[in-house]
Amino acid sequence: MNKNIVLCGVGGQGTVLASKLIAAAAMKKDIPVMSAETIGMAQRGGSVFSHIRMGEGLYAPMIAKGTADIIIGFEPGEAVRQLPYLREGGQVIVSQRAIMPVTATLSGTPYSGGEMTAYLKDHIPNLIIVDTERACRKIGSPKVLNLLLLGAAIHSGALGLNEDEIKDAVRERLPERFHELNFRALAYVREHPAQD
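Residues numbered from 1 in each chain as written. Predicted model: local features only at pLDDT ≥ 70, side-chain atom pairs only at ≥ 80, totals over all residues. Heavy atoms only, no water.

Describe the packing of helix H1 (residues 15-28) against helix H6 (residues 145-156), listing the residues and the values that go with them.
Packing of H1 against H6 leaves a shortest axis separation of 9 Å and a crossing angle of 45 degrees. On the basis of their axis angle, the class for H1 and H6 is oblique. Judged by the sense of rotation from one axis to the other, the crossing of H1 with H6 is right-handed. Residues Leu 17, Ala 18, Leu 21 and Ile 22 of H1 form the contact with H6, whose participating residues are Asn 146, Leu 147 and Leu 150. Taken together, the residues of the contact of H1 with H6 break down into 6 nonpolar, 1 polar and no charged. (Axes fitted to C-alpha atoms, helices over the stretch in contact; angles between N-to-C directions. Helix = DSSP H or I, 4+ residues; strand = E, 2+ residues; numbered from the N terminus. Parallel < 35°, antiparallel > 145°, perpendicular 65-115°, else oblique. Left-handed = near helix turned anticlockwise from the far one by under 90°. Contact = heavy atoms within 4.5 Å. Nonpolar A, V, L, I, M, F, W, Y, C, P; charged D, E, K, R; others polar.)

How would you summarise the sheet that holds strand S3 (residues 47-54) if you had to cite specific residues and measurements?
One open sheet accounts for 6 strands, arranged S2-S3-S1-S4-S5-S6; its pairing is mixed. Sheet topology places strand S2 (33-37) and strand S6 (127-130) at the edges, where each strand pairs with a single neighbour. Averaged over all pairs of adjacent strands, the angle between their axes in this sheet comes to 15 degrees, without regard to strand direction. Set on the sheet, H6 makes contact with strand S4 (68-73), strand S5 (86-95) and S6; between it and S5 the angle comes to about 140 degrees. (Pairing = 2+ DSSP bridges.)

Just give me the short version of H6, but keep the residues and values in it.
The end-to-end C-alpha distance of H6, which contains 12 residues, comes to 17 Å, matching closely the 16 Å that a straight helix rising 1.5 Å per residue would cover. Listed in full, the buried residues belonging to H6 are Leu 145, Asn 146, Leu 147, Leu 148, Leu 149, Leu 150, Gly 151, Ala 152, Ala 153 and Ile 154. A positive backbone phi angle near 85 degrees is found at Gly 157, which sits one or two residues after H6. (Expected span 1.5 Å × (residues − 1). Buried < 20%, exposed > 50% of the residue type's maximum accessible area, 1.4 Å probe, protein only.)

Give a description of the pattern of salt bridges that names residues and reports values.
Summed over all chains, the structure comprises 9 salt bridges. Between Glu 163 and Lys 167 there is a salt bridge, with the nearest N and O atoms lying 3.8 Å from each other. Taken together, the positions of Glu 163 and Lys 167, both in helix H7 (residues 163-173) and 4 residues apart, correspond to about one turn of that helix. A relative accessible area of 17% places Lys 167 in the buried class. Residue Arg 190 pairs with Glu 163 through a salt bridge whose shortest N-O separation is 2.7 Å. Remark: Glu 163 occurs in helix H7 and Arg 190 occurs in helix H8 (residues 179-191); sequence separation between them is 27 residues. Residue class for Glu 163 comes out buried when judged on its relative accessible area of 10%. One network of salt bridges, with partners in common, ties together Glu 163, Lys 167, Arg 190 and Glu 191. (Salt bridge = Lys/Arg side-chain N within 4 Å of Asp/Glu carboxyl O.)

Honestly, that's just the spatial picture; any functional story needs more than this.
What follows is the structure, encoded as structure tokens:
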């Protein structure tokens, strides 16, 4: 099973942790993994992305344009920015919640994210939009965004990992006090399928 996965968002959304959970789950299945990520902007609210490649015969961590099987977008504008990496017929999972990018804030440009979501709907046949704002409210924490999106990716079938494998990675990577909250996020997505 070879998979190319792009995760993208802005600093503070848990993008890097999500990539580490995917990598940990794959390695536990003895699937070779290579990853590369930008983490310098994570503390500044700037663009953050991770490339994860899983499978045999990998020689470089970066994903070539037009070869990503799945893009997991923590922010709609960042998902649109990463679309050149998506292969034809690839899957996009995206949070509907927009976050004003630093560039728009500095330039005074208005940004709601609605136009980005509309663009994705018009151009991506395999699109799942997750109402993460509503889900985080129901669960009671904004810190589960990454697990909500991972859950949606699991249930799309495009990730190549299952819920139990991600739960095991959570147990290994996160302090025990965060387990139940993150498991609730995975359960929420299972019980409330996202809109396509």
